[in-house]
Amino acid sequence: MTVLNGPTLPSYIQQSRELPRFTVFNYDESHFLEMETDDVEDCLIFRDRPNITWINVDHPRQVYSLEKLGTCYGLHPLVVEDILTDQRPKVEDYEDYIFIALKMLYYEEGEGDDDDEIGDFNIDMDQVSIIFGENFIISFCEKDIDIFRPLKEKLRTSRGRIRKQGTDYLAYSMIDLIVDHYFVIMEKLGDRFEELEDSVVSNPEQGTLPAIYNLKRDMLFLRKSVWPLREAISRMHRMDSHLISETTKIYLRDVYDHTIQVIENIETFREMSSSLLETYLSSLSNKLNEVIKLLTIISTIFIPLTFLSGLYGMNFTHMPELEHPWGYPAVLVLMLLVVVVMLAYFYRKKWI
């Protein structure tokens, strides 16, 4: 198998100034060792140990460290290139190990300002790469977020079956943790949709339309991230590899079902976002119609009043009402009576 001491990586891969952080777990059912280091050389001594070694790499942007790690574990240069570049979710079988690329999603929620009371909601992404062989597993996380903390706690406390199983079960646990976090995103999006629905129906504001378009963009982003994940997990479940046991394939089938649920939720939310946009436009149209109706009623009421005031504003000498002592109050009462009669008529017709 080709290793990294041969071809070099492409020139467009930039060397990071931030040093990677390595967390090593070496364990079996009765033995456990944990170590944190910034030097990749400290991780290489675990290569030939019989028990399972999990190396978690945060900020995997230093090419030198990845080359050393890849040379030690016999990784293909294309695998290291995929770790350093943005990839769609996929699973690749290299016989001696299996490479998995996933997308971990996060949400950032901000408070609204005076113009936009709904607030901000942004979905962020982290590429997670997993490589597992017979007795080793290496994970790569770009962001400084400990997404595998629950698994680390299970390893430390020996809870569950994770220390009794092989690397394939640990890889499944990582995938399951990432997919389960999608449901957290779905829940937050559901709350967001309810908030927008209340705003759209009760009081559509100017800031509502950008929020709806942001949601539509997020739905597209989620769909592009989850649909390839479904294909990757399905391929991993069907994969004929000695590295994946039949027991683990049963768990992978459960993860596949979860991805189907996430996809169904995304499709439902996409339809809801389109409905929200239509409802928003309809609400604005209804609001405009109410304003126009009010202005029309006011204009209609002032038509006879304008006629009366114009009639008695003509400069003719022989107008009997002008010299009558009760002429002015009579005209005012007549105008008031016209307004009352017209309002009663509009109310009876249910125009107001």
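The structure under discussion appears in the preceding block.
In this report, the structure presented in the accompanying data block is examined. Please read these numbers as outputs of a predicted model, since none were measured by experiment.

1. Side note on the overall build of the protein chain
Within the protein chain, the regular secondary structure consists of nine helices and seven strands. Here the protein chain, with 352 residues, has 43% of them falling under the buried criterion. A separation threshold of at least 6 residues defines the contact pool for the protein chain, and within that pool the share at least 24 residues apart is 69%.

2. Focus: helix 3 (residues 77-84)
Most of helix 3 is tucked away, with seven of its eight residues classed as buried. Looking only at helix 3, the buried set comprises P77, V79, V80, E81, D82, I83 and L84.

3. Structural notes on the pairing of strand 1 (residues 21-27)
With respect to burial, strand 1 is a largely interior element, six of its seven residues being buried. Examined bridge by bridge, strand 1 and strand 3 (residues 52-58) share seven bridges and lie antiparallel to one another. Within the sheet, the bridge partner assigned to Y27 lies in strand 3 and is I52. Where strand 1 meets strand 2 (residues 32-37), six bridges bridge the pair, whose relative direction is antiparallel. By the bridge assignment, V24 is partnered in strand 2 with M35. Counted between consecutive antiparallel strands, the loop separating strand 1 from strand 2 contains four residues.

4. Looking at the packing of helix 5 (residues 167-202) against helix 7 (residues 246-311)
Remark: helix 5 packs on helix 7, axes separated minimally by 10 Å, with the N-to-C direction vectors making an angle of 15 degrees. On the basis of the axis angle, helix 5 is roughly parallel to helix 7. Helix 5 and helix 7 meet at a crossing whose hand is left-handed. For the contact of helix 5 with helix 7, a count of residues per class yields 21 nonpolar, nine polar and four charged.

5. Side note on unusual backbone geometry
Phi at E95 takes a positive value of approximately 70 degrees, unusual for a residue other than glycine. Structurally, E95 is set in the loop between strand 4 (90-93) and strand 5 (98-109). Within the chain, S158 stands out as a residue other than glycine whose phi angle is a positive 60 degrees. Considering the arrangement of structural elements, one finds S158 in the loop between helix 4 (149-157) and helix 5. Accessibility expressed as a relative area gives 37% for S158, which makes it partly exposed.

6. Considerations on the nonpolar core
Ranked by size, the top nonpolar core spans 59 residues in total, and within it W54, I100, F132, L189 and L222 carry the most contacts. Element by element, the count of residues in this core is highest for helix 5, at 15 residues. In this structure, C43, F46, Y73 and F136 belong to the second largest nonpolar core, which totals 25 residues.

7. Digging into helix 7
End to end, helix 7 covers 97 Å across 66 residues, agreeing with the expected 98 Å (1.5 Å per residue, within 8%). Its axis deflected by about 30 degrees at I303, helix 7 carries its strongest bend there, up to four residues before the proline P304.

8. Re the environment of D176
Mapped onto the elements, D176 comes out in helix 5. The exposure class of D176 is buried, given its relative accessible area of 15%. Linking D176 and Y251, residues 75 residues apart in sequence, is a C-alpha distance of 8.9 Å. When near neighbours in sequence (up to four residues on either side) are disregarded, D176 contacts V255 and H258.

Basis of the calculations
Residues numbered from 1 in each chain as written. Predicted model: local features only at pLDDT ≥ 70, side-chain atom pairs only at ≥ 80, totals over all residues. Heavy atoms only, no water. Helix = DSSP H or I, 4+ residues; strand = E, 2+ residues; numbered from the N terminus. Buried < 20%, exposed > 50% of the residue type's maximum accessible area, 1.4 Å probe, protein only. Contact = heavy atoms within 4.5 Å. Pairing = 2+ DSSP bridges. Axes fitted to C-alpha atoms, helices over the stretch in contact; angles between N-to-C directions. Parallel < 35°, antiparallel > 145°, perpendicular 65-115°, else oblique. Left-handed = near helix turned anticlockwise from the far one by under 90°. Nonpolar A, V, L, I, M, F, W, Y, C, P; charged D, E, K, R; others polar. Core = buried A, V, L, I, M, F, W, Y, C linked by side-chain atoms within 4.5 Å. Expected span 1.5 Å × (residues − 1). Bend = angle between axes of the 7 residues up to and from the residue.

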